[in-house]
Amino acid sequence: MSNILITGHTGYIGSMLTKRLQLTNNVILFQGDVVNIDDWCINLSKDIDIIYHLAAVEHTNTDIDIIRDWRVNSQSMLQLHEACKLKNISPKIVFTSSTNVFGNIDSTTITEDTREEVAAIWSAHKLLGENYLRILNKLHNVKYTVLMLPNVYGPSTSIDLMDRMVVNRVIKNAITNNVVTLFDNKSCLRDYLYIDDVIDAFQLLLDIDDIYYNGSRFLLGSNKRRTIEDVWQEIVNQIPGTSVNYNTIELASVEYRDYISSTDKFNSATKWSPKVKLSDGIAKTIEVYND
């Protein structure tokens, strides 16, 4: 049994991770604001083995509190480090990031070593948070690893949380209005991963060798080449009477990113691989929305 501190436990992924880890571990739920060093000090103790840092804010480039975004997605790692110094503790840290930090790259298959071409402020701040940890690892031996997520979908602990995820919203709109909308980027490759597979990956980080807490990055993905249109069509196939609306409006350049993730590194370290097929995951999500 591990003593685990989780930030972002009220979020879409955090709430599901909390539910899973509470079955076999002692889970402490972060209370307060991750940008406040005093709140970190209140939540931290010498008994904590590992911190799952899922607290984050995400916006579009046109609707963003840049300072708040930086403080939560980046500066919080500096505040955590300072609080650990004050408490004289050194828990392991799992930093949650996204494949979106790679932005508009040339390669259609990304690895942990692919050079980032950041195209959004949120992604820039996520990458900065990771870079803070990288520096702290070299200077102070801060133990951390990074889990980089693709598009996650599927049930969560509430409908409101489910509605935060793109694929879930498309499913809900198909159920409610019998239509899905495809844009000019419909032929772009994307990676989609069912929530249970994501939670499995987080759980495996409890037992992974400590060598990987020396700044390792791990990509998650489906190992499948699917376009946005492929996924939307699967939703249409499962919800009778649903039609496709094609919108040809030109999108921001970041929306034309075109890649999938190689999960070879994480598979080698943990034997993880996705278990839930896209068709099954969509069916389970439809079932929850229909209940």
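In this report, we go over the structure that sits alongside the text.

**A few points about the overall build of the protein**
No. 1: Looking only at helices and strands, the protein features 10 helices and 14 strands.
No. 2: The globule rule puts the C-alpha radius of gyration for 291 residues at 19 Å, and the 19 Å found for the protein is close to it.
No. 3: A principal-axis box enclosing the C-alpha atoms of the protein has dimensions of 60 × 40 × 40 Å.
No. 4: Taken across its 291 residues, the protein has 52% of its residues classed as buried.
No. 5: Relative to all contacts within the protein whose residues are 6 or more apart in sequence, the contacts with residues 24 or more apart total 81%.
No. 6: As displayed, the protein has an accessible area near 13500 Å², and 47% of this comes from carbon and sulfur atoms.
No. 7: Charge centroids of the protein, computed over 28 positive and 36 negative side chains, lie 4 Å from each other.

**Examining the packing of aromatic side chains**
To describe a pair of aromatic rings, you give the distance between the ring centres and the angle between the ring planes.
No. 1: Taken as a whole, this structure holds seven aromatic pairs when the rule is applied.
No. 2: Where Y153 meets Y194, the ring centres are 5.5 Å apart and the plane angle is 65°; that geometry is what we call edge-to-face. Linking Y153 in strand β7 (residues 151–153) with Y194 in strand β10 (residues 192–194), this pair joins segments that are 41 residues apart in sequence.
No. 3: Residue classification places Y153 among the buried positions, given a relative accessible area of 1%.
No. 4: Taken together, the ring pairs in this structure connect Y212, F218, F266 and W272 into an aromatic cluster.
No. 5: The ring of Y213 carries K92 above its face, with NZ or CZ at 4.8 Å from the centroid.
No. 6: Over the ring of F218 we find K265; its NZ or CZ atom is 5.4 Å from the centre of that ring.

**A look at the side chain of Q79**
No. 1: For Q79, the location among the structural elements is in helix α3 (residues 66–87).
No. 2: In this structure, Q79 is in contact with V34, V35, I37 and W40, ignoring residues within four places of it in sequence.

**Looking at the pairing of strand β6 (residues 144–149)**
No. 1: Within β6, six of the six residues are buried, leaving the element largely enclosed by the surrounding structure.
No. 2: Where strand β4 (residues 92–98) and β6 come together, six bridges link them in parallel fashion. Counted as the bridge partner of V94 is T145 from β6.
No. 3: When β6 meets strand β11 (residues 214–219), the two strands line up parallel, connected through five bridges. Residue pairing in the sheet places T145 in a bridge with S216 of β11.

**Describing the nonpolar core**
No. 1: Counting residues in each nonpolar core, the largest one holds 53 residues, and the members touching the most others are I13, Y52, L147, F202, W232 and I235.
No. 2: Those residues in contact with I235 that sit more than four places away from it in its chain are V167, V170, I171, A174, V180 and I282.
No. 3: Counting residues in hydrophobic clusters, the runner-up holds 31 residues, among them M77, I93, F102 and L219.

**A short note on unusual backbone geometry**
No. 1: You will see that N178, though not glycine, has its phi angle at about 55°, which is positive.
No. 2: One non-glycine residue, N223, lies in the positive phi region at around 65°.
No. 3: Mapped onto the elements, N223 comes out in the loop between β11 and β12 (226–227).
No. 4: A residue is classified by how much of its surface remains accessible, and N223, at 42% relative accessible area, is partly exposed.

**Some thoughts on the pattern of salt bridges**
No. 1: All chains considered together, the criterion is met by 11 salt bridges.
No. 2: Close ionic contact of K46 with D47 constitutes a salt bridge, the shortest N to O distance being 3.4 Å.
No. 3: Under the relative-accessibility criterion, K46 is labelled exposed at 71%.
No. 4: Between D200 and K275 there is a salt bridge; the shortest N-O distance is 3.9 Å. Residue D200 is found in helix α7 (residues 195–204), and its partner K275 is found in the loop between α9 (264–270) and α10 (278–290); the two are separated by 75 residues along the sequence.
No. 5: One salt-bridge network, in which partners are shared between bridges, spans E116, E130, R134 and R217.

Conventions adopted
Residues numbered from 1 in each chain as written. Predicted model: local features only at pLDDT ≥ 70, side-chain atom pairs only at ≥ 80, totals over all residues. Heavy atoms only, no water. Helix = DSSP H or I, 4+ residues; strand = E, 2+ residues; numbered from the N terminus. Rg over C-alpha atoms; globule rule 2.2 N^0.38 Å. Buried < 20%, exposed > 50% of the residue type's maximum accessible area, 1.4 Å probe, protein only. Contact = heavy atoms within 4.5 Å. Areas by Shrake-Rupley, 256 points an atom, 1.4 Å probe, with all protein chains shown as cover. Lys, Arg positive; Asp, Glu negative; His and termini not counted. Charge placed at Lys NZ, Arg CZ, Asp CG, Glu CD. Phe/Tyr/Trp six-rings, centres within 6.5 Å; stacked < 30°, edge-to-face > 60°. Lys NZ or Arg CZ within 6 Å of the ring centre and 35° of its normal. Pairing = 2+ DSSP bridges. Core = buried A, V, L, I, M, F, W, Y, C linked by side-chain atoms within 4.5 Å. Salt bridge = Lys/Arg side-chain N within 4 Å of Asp/Glu carboxyl O.

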